[in-house]
Amino acid sequence: MRDSSMTTVFWPLEATKDGFMYGWIQGCTVCVAGVLQADTLADGEAILAKALCAERLQALISSSGTPVILGHCTFHSLAAYATPEFKDSTITMVRPYRFYHYYRHTASSRRFYAVSEEGSSRSNGTTPMEACLFHDFTRHRPRTCKLDTIVNQLNSARLVEYELQQCQTACPKKSDGKACNSNFVPATLKLVLGFHKLRDLFGHCFLPTGSMPMLKEFSFTAREIENRIRVLQFLSSRKFVHQGEDIKSACQEYIEYHNTLWVILNDIIIGVAFRFFLYQNRTILNQLVTDGLEGVLAHRMEGVLLWLDSWPAGLKLNTELSRFYSQGFIGLITQWATFLRSCLRFLPTLNLITETASLMGMTMATSLFLDFLGLLTAHFYACYLISSVIYRHILILIGSLWNLFRGKRYNILRNRTDPWDYEVDQLLLGTILFTLAAHLFPTIWVYYAVFALVRLSLIAIYATGETLLAFMDHFPLFALMLRIKDPQRLPGDIYLLAQPTSNRCPVTLMVPSASRSPDAMLLTITQSHPLPLSVIFAQYTQLWRQLLQHYHPFRLGRWILQGQVLATFTHGTVYIPRQ
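Below you will find a few notes about this structure. (Residues numbered from 1 in each chain as written. Predicted model: local features only at pLDDT ≥ 70, side-chain atom pairs only at ≥ 80, totals over all residues. Heavy atoms only, no water.)

Brief notes about the overall build of the protein
Turning to step 1, where the next piece is worked out: Within the protein one finds 18 helices and 10 strands.
Turning to step 2, where the next piece is worked out: Burial analysis of the protein (579 residues in total) assigns 44% to the buried set.
Turning to step 3, where the next piece is worked out: Within the protein, residue pairs in contact and separated by at least 24 positions form 75% of the contacts whose partners lie at least 6 positions apart.
Turning to step 4, where the next piece is worked out: When the accessible surface of the protein is summed, it comes to about 31400 Å², and 65% of that surface belongs to carbon and sulfur atoms. (Helix = DSSP H or I, 4+ residues; strand = E, 2+ residues; numbered from the N terminus. Buried < 20%, exposed > 50% of the residue type's maximum accessible area, 1.4 Å probe, protein only. Contact = heavy atoms within 4.5 Å. Areas by Shrake-Rupley, 256 points an atom, 1.4 Å probe, with all protein chains shown as cover.)

A word on the packing of aromatic side chains
Turning to step 1, where the next piece is worked out: Applying the stated criterion across every chain yields a total of 16 aromatic pairs.
Turning to step 2, where the next piece is worked out: Taking 6.4 Å as the distance between ring centres and 70° as the angle between the ring planes, the aromatic pair formed by Y254 and F478 counts as edge-to-face. One end of the pair, Y254, is in helix α8 (residues 247–280); the other, F478, is in helix α15 (residues 477–485), with 224 residues separating them in the sequence.
Turning to step 3, where the next piece is worked out: Judged by relative accessible area, which is 5%, F478 ranks as buried.
Turning to step 4, where the next piece is worked out: On the numbers, 6.3 Å between centres and 20° between planes, the contact of Y384 with Y448 is stacked. Of this pair, Y384 sits in helix α13 (residues 378–405) while Y448 sits in helix α14 (residues 424–474), and the two are 64 residues apart along the sequence.
Turning to step 5, where the next piece is worked out: According to the relative accessible area criterion, Y384 is buried, its value standing at 0%.
Turning to step 6, where the next piece is worked out: Over the ring of F276 we find R275, and its NZ or CZ is 5.8 Å from the ring centre. (Phe/Tyr/Trp six-rings, centres within 6.5 Å; stacked < 30°, edge-to-face > 60°. Lys NZ or Arg CZ within 6 Å of the ring centre and 35° of its normal.)

Looking at a nonpolar patch on the surface
Turning to step 1, where the next piece is worked out: Together, L332, I386 and I390 make up a nonpolar patch on the protein surface, roughly 210 Å² of accessible area in all.
Turning to step 2, where the next piece is worked out: Relative to the assigned elements, I390 resides in helix α13. (Patch = residues over 30% accessible without salt bridge, like charges linked within 9 Å, V, L, I, M, F, W, Y side chains within 5 Å. Salt bridge = Lys/Arg side-chain N within 4 Å of Asp/Glu carboxyl O.)

Points about unusual backbone geometry
Turning to step 1, where the next piece is worked out: You will see that N415, though not glycine, has its phi angle at about 55°, which is positive.
Turning to step 2, where the next piece is worked out: Here N415 lies in the loop between β7 (408–411) and β8 (416–419).
Turning to step 3, where the next piece is worked out: Look at N415 and you get exposed, because its relative accessible area is 57%.

Some details on the pattern of salt bridges
Turning to step 1, where the next piece is worked out: Here the structure, examined in full by the defined rule, presents 10 salt bridges.
Turning to step 2, where the next piece is worked out: Of the charged contacts, one joins R282 and E355 as a salt bridge, the two residues approaching to 3.0 Å between their closest N and O atoms. Of the two residues, R282 is situated in helix α9 (residues 282–308) and E355 in helix α11 (residues 347–358); the sequence distance between them amounts to 73 residues.
Turning to step 3, where the next piece is worked out: E355 sits in the buried class, given a relative accessible area of 4%.
Turning to step 4, where the next piece is worked out: Sharing partners across several salt bridges, the network here consists of E14, R104, R158 and E161.

What about the pairing of β7?
Within a regular strand, the side chains alternate between the two sheet faces.
Turning to step 1, where the next piece is worked out: Bridge analysis of β7 against β8 gives 4 bridges, and the strand direction is antiparallel. Of the residues in β8, the one forming a bridge with K408 is P419.
Turning to step 2, where the next piece is worked out: The antiparallel hairpin formed by β7 and β8 contains 4 residues in its connecting segment, where N415 sits at a positive phi of about 55°. (Pairing = 2+ DSSP bridges.)

Observations concerning the environment of I353
Turning to step 1, where the next piece is worked out: With respect to the helices and strands, I353 occurs in helix α11.
Turning to step 2, where the next piece is worked out: Overall, the relative accessible area of 40% leaves I353 in the partly exposed class.
Turning to step 3, where the next piece is worked out: A C-alpha to C-alpha distance of 9.1 Å links I353 and L368, two positions 15 residues apart in sequence.

Observations regarding the side chain of D371
Turning to step 1, where the next piece is worked out: On the secondary structure map, D371 appears in helix α12 (residues 362–376).
Turning to step 2, where the next piece is worked out: The side chain of D371 is buried and forms no salt bridge, while R223, the nearest opposite charge, is found at 6.4 Å.
Turning to step 3, where the next piece is worked out: Discounting chain neighbours no more than four positions away, the residues touching D371 are F218, S219, F220 and T221. (Lys, Arg positive; Asp, Glu negative; His and termini not counted.)

A closer look at the pairing of strand β3 (residues 29–36)
Turning to step 1, where the next piece is worked out: Counted residue by residue, β3 has 8 buried out of 8 residues, so it is predominantly covered.
Turning to step 2, where the next piece is worked out: In this sheet, β3 lies alongside strand β1 (residues 7–12) in parallel orientation, the contact comprising 3 bridges. In the sheet register, V9 faces β3, and the bridge partner there is V30.
Turning to step 3, where the next piece is worked out: Both strand β2 (residues 19–26) and β3 contribute to a ladder of 7 bridges, which runs antiparallel. Within the sheet, the bridge partner assigned to W24 lies in β3 and is C31.
Turning to step 4, where the next piece is worked out: Taking the residues that link successive antiparallel strands as the turn, the β2-β3 hairpin has 2 residues, and the phi of G27 there is positive, at about 65°.

Here's the deal with the packing of helix α7 (residues 220–237) against α14
Turning to step 1, where the next piece is worked out: Viewed as axis vectors pointing N to C, α7 and α14 meet at an angle of 10°, and their least axial separation amounts to 13 Å. When the interaxial angle is binned, α7 and α14 end up roughly parallel. Between α7 and α14, the residues in contact are F220, R223, E224, N227 and R228 and Y462, E466, L469, D473 and H474, respectively.
Turning to step 2, where the next piece is worked out: Here the contact of α7 with α14 is composed, by residue class, of 3 nonpolar, 2 polar and 5 charged. (Axes fitted to C-alpha atoms, helices over the stretch in contact; angles between N-to-C directions. Parallel < 35°, antiparallel > 145°, perpendicular 65-115°, else oblique. Nonpolar A, V, L, I, M, F, W, Y, C, P; charged D, E, K, R; others polar.)

Description of the packing of α13 against helix α18 (residues 553–562)
Turning to step 1, where the next piece is worked out: Relative orientation of the contacting elements α13 and α18 amounts to 70°, with a least axis distance of 8 Å. On the basis of their axis angle, the class for α13 and α18 is roughly perpendicular. Residues Y391, R392 and L395 of α13 lie in contact with α18, whose contacting residues are I560, L561 and Q562.
Turning to step 2, where the next piece is worked out: Looking at the contact of α13 with α18 residue by residue, the classes come out as 4 nonpolar, 1 polar and 1 charged.

Some words on helix α1 (residues 41–51)
Residue pairs spaced three or four apart in an α-helix point in one direction, given the helix's 3.6 residues per turn.
Turning to step 1, where the next piece is worked out: By the burial criterion, the buried members of α1 are G44, I47, L48 and A51. The buried side chains of α1 occupy one side of the element, clustering within an arc of 95° when seen end-on. Seen from the buried face of α1, the exposed residues on the opposite side, beyond 90 degrees, are A42 and K50. (Arc of directions from axis to C-beta.)

Rendered as C-alpha cells:
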C-alpha cells in the first residue's frame, strides 16, 4: 500500500554540492538528476531550458519526461552519504523524505538500470528494514508505466548533467564514447551486402519461385549461408547513435552487436584451425574415406540383409518375401555403391570445397558435413521410405481386416467403429486375407525395423549437428564475459543496499527502536543484480525445447511403430535466438 504522507527521493551519490537541484517529479516520487551551480533560480531555469533544446534530450523526453528545477539544496556535512536540506522548493514535497541513493552511470561505461519483466521478489522479507520500505518498486507486482519511467530517469541523469555542463561552459561537445565509430562500416560488410543483392537477383532469375525456401529446408549449408548473410547484414546496418531510444535500449543493442561479432570471429578462428588440420592430414583422410566409404555404406548393410534372409537366430521369416526384400534392397545399395565409387575421383575437389568452407567458419564446415552425410546415405533413406510405406499399408490392411473379422466397420462420418453385418463370402475372403497379412507381417516388420534403426541413428547425428550449429551461431559469449567482468553492464533486478550513517537529518528511513540511537540512521543505495543465467540462456532454452519436442524419444518411437516417416527438424518456423 502506498504511503502518501512521505516523499520518496532518488538522489545521485555524486551530487554533494550546494545548488539548484533539477530532475523529475511524479506525485510523491522525486528523481533528482543533479545539482546545478547557478546564482539565481532564473539563471538555473534558463540554463536548463537551453540544455533541453539538445537533440538527445529531446529524444529522451518521451521516455523519461521533462526535467525541471526542483529547488535549492544545502549540505551541512561532508560525510559519506550525507543528505541535503531543501530550501526554496519550487514544488510541493510532503515531509518526511525517504532517500534512495543511486549511481549515475555514464554512457561510455555502458551501465544502466533495469528491472525484469516479472519483477523481483528478493525484497519480500520480514526484516524491519524491508517492512518499512513501502516505496520499494522491486516488489513482486505487475509493472507499471511509472516504474519504467523512473528507471529511464535514473539512466538519463548523467546525460542531462552532461548537456547542462556543455551549456554552462559553451564549449564544443566532445564525444562521450557512445557514438564512437558510429559511422564506421567495414568494407567487407559492404561487399556482403552486394553479394546479398546479387543472390536475390540470380535467385529470382534462375531459380523457380519458392525454390530458395525449399533449398534451405533440405540443405544445412544453404541455411547457414542465409543465416551468415543475415548476421553480417545486421552488423553492417548498426550504428551506435540512438537519438530516439533510451540508454537501456542502446546498451542492449550494443551488447547484441558485439556478442554477434564475437561469435562470428571465434567461429572463423576455429574454422581456420580446422582447415589447417584438414590440409595437413589430407592424404590420411583421403585414404580413410577411400577404404571405408564403400565398406560402411554398402558391404555392411548387404551383410545384414543376407543375414536376415538366412533365418537369423531361429527367426523363421517368409522365404519368398524375405528373398524379395533382400535382393531388392541389395540391388539398390549395389547401384549406389557403384555410383559412389565413380565419384571418388572428385575427392580432391571435395577436399578443396571443405577447406574453403572452413575459412568461413566451423559452422559452415559442420553444415557441409551434414549435407555430405545426407548425400552419402541417400540409399538408406530410399530403402527406409520403401519399407515404411509397405509397413504402414500393411498396418492399415490388418486393422481393416481385424474389424471385418470381428464383424465391425469403421464409420468415417462419426469417426468411430460400429457393428456391421457382413455376408458369408465377405467374412470368408476377409479371414483369408487377414491370415495372409498376419503371416507376412513379421517379415515386413523385421526389414522395416532395420532401416528404421538406421534412420534413427542418422536422425541422432542430425540432431547433434543442429545443436552444435545453434551453439556456435548464437552462444552468448560477450554477455557472459560482461556478467563476469562488469555485472552492472548486464543488470537484472534492482535491489536496495542499506548503509548506516551518523548524519543527523530529518529523514527517517527506519523506525528507531529503544535499543537504537537516534543518531544511527539507515539510508539505501540503489544497485542492480547481475542478469541471471536463466535469462541469458532463455533463447537457448526455447530452442532446446523446440528441438526436444521434435526429437523426443517417445515421439520418435511412436512414429516408428505407426510407420510414419522420420524427418529432420522443420526450419520454416524455427526460433532463431538472439543474445
